[in-house]
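Structural characterization, general
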Amino acid sequence: MMISPHCFILPSMKRSYEVLLRHHFDSDTQMAFVCGPRQVGKTTTCQSCEPNQMYLNWDHEDHRRKILSGPAAVAADLGLAPHNAVVFDQIHKYPDWRNFIKGFFDVYGRSRLRIVVTGSAHLDVVRKGADSLLGRYFPYRMHPLSIGEIANSTWRDRPIGSPSPISDADYEALLRFGGFPDPFLKRNQRFHNRWTRMRQQLLFREDL
């Protein structure tokens, strides 16, 4: 069966987690820790949840140098533009990341900045030993697309309601390519095969 590319979402898509994070910062001052498997859409979602933000990725050399310069230096850079949020991506790879995040949040985050910390599933492991961060963050786990999210990408703080239908094309794509955003949106078997091989290599060579 040929899968039509003309369906509910195209290469630019919104996830329900964007709404969830906005709701978090509307009601809470704690940091948001967003973890989940590789390629599930964490970085894209976290970059989209706030219009005015600074994005710092530990894997980027210039960003890493800025983080290593200390919380005050990062805050000084934030002060040069009307940022109201900062995203620290993959910062759990920094050996002293807990102390950095704790100090940054205690001085700059409680009333001035919305802070998002995101990373791979490994973040979910290392954060469990982060007793010094107790009370300073709320954790969120991001999952691949599901039928529920495809049917309604607007997050709602209420019990599960009546089921909603999705198109046959979306249902077929979800079964064939899975719920990770890139292959689901591309709907191309060759791309899906290559994407799957690369993801398996990363999982076995780096994560495990």
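Because the structure is a prediction, the values reported are computed rather than measured.

Quick notes on the overall build of the chain
The secondary structure content of the chain amounts to 10 helices and five strands. Scored against the burial criterion, the 208 residues of the chain give a buried share of 44%. By sequence separation, contacts in the chain at least 24 residues apart represent 75% of the contacts at least 6 residues apart. Looking at the chain as shown, the accessible area adds up to about 11,700 Å², and 53% of this sits on carbon and sulfur atoms.

Regarding empty space enclosed by the protein
To locate leftover empty space, one rolls a probe as large as a water molecule over the atoms. Throughout the structure, instances matching the rule amount to one cavity of 30 Å³ or more. Estimated volume of the largest cavity: approximately 30 Å³. In terms of lining, the largest cavity is formed by Tyr17, Leu20, Leu21, Val34, Tyr140, Arg141 and Met142. Mapped by element, the contributors of at least two residues to the lining of the largest cavity are helix H1 (16-27) and strand S5 (137-141). In terms of residue count, the dominant contributor to the lining of the largest cavity is H1 (three residues).

Notes on the sheet that holds strand S2 (residues 53-57)
If you walk across this open sheet you meet the five strands as S2-S3-S4-S1-S5, and the pairing is parallel. Only two strands of the sheet have a single neighbouring strand rather than two, namely S2 and S5. The average undirected angle you get between the axes of adjacent strands in this sheet is 20°. Sheet strands touched by helix H4 (residues 71-78): S2 and strand S3 (85-89). Its angle to S2, the strand with the most contacts, is close to 140°.

A short note on the packing of aromatic side chains
Here the structure, examined in full by the defined rule, presents nine aromatic pairs. For the ring pair Phe100 and Phe104, a centre distance of 6.1 Å and an interplane angle of 10° mean the geometry is stacked. Taken together, the positions of Phe100 and Phe104, both in helix H5 (residues 97-109) and four residues apart, correspond to about one turn of that helix. Accessibility assignment for this pair places Phe100 and Phe104 in one class, buried. What links up through ring pairs into an aromatic cluster is the set Trp58, Phe88, Tyr94, Phe100, Phe104 and Tyr108.

Parameters at a glance
- Throughout, residues of each chain are indexed from 1 in the direction in which the sequence is written.
- The model is predicted, so local features are restricted to residues of pLDDT at least 70 and side-chain atom pairs to those at 80 or more, both for listing and for counting; the totals for chains, interfaces and linings are taken over all residues.
- Calculated side-chain values reflect all of the structure's heavy atoms, with hydrogen atoms and water omitted.
- Runs of H or I in DSSP of at least four residues are treated as helices and runs of E of at least two as strands, each being numbered from the N terminus.
- Note on classification: 1.4 Å probe, protein chains only; a residue is buried when its accessible area is under 20% of the maximum for its type, exposed when over 50%, partly exposed between these limits.
- Note on definitions: a residue-residue contact is assigned when non-hydrogen atoms from the two residues lie within 4.5 Å.
- To be clear on the numbers: accessible area is Shrake-Rupley with a 1.4 Å probe, and residue cover counts the displayed protein chains and nothing else.
- Residues are said to line a cavity or pocket when one of their atoms sits within 4 Å of a point; the points come from a 1 Å grid over protein atoms alone, cavities being sets where a 1.4 Å probe fits but cannot get out and pockets being open sets with protein on both sides within 12 Å along at least five of seven lines.
- Grid points are joined across faces, edges and corners, and a volume is the space filled by probe spheres set on the points.
- In this analysis, strands are considered paired if DSSP registers two or more bridges between them.
- Throughout, an axis means a line fitted to C-alpha atoms (over the contacting stretch in the case of helices), and angles, computed between N-to-C directions, take values from 0 to 180 degrees.
- Within 6.5 Å between ring centres, the rings of Phe, Tyr and Trp (the latter by its six-membered ring) count as paired, and their orientation is classed by plane angle as stacked under 30 degrees, edge-to-face over 60, tilted in between.

Remember that the coordinates give geometry; whether it matters functionally is a separate question.
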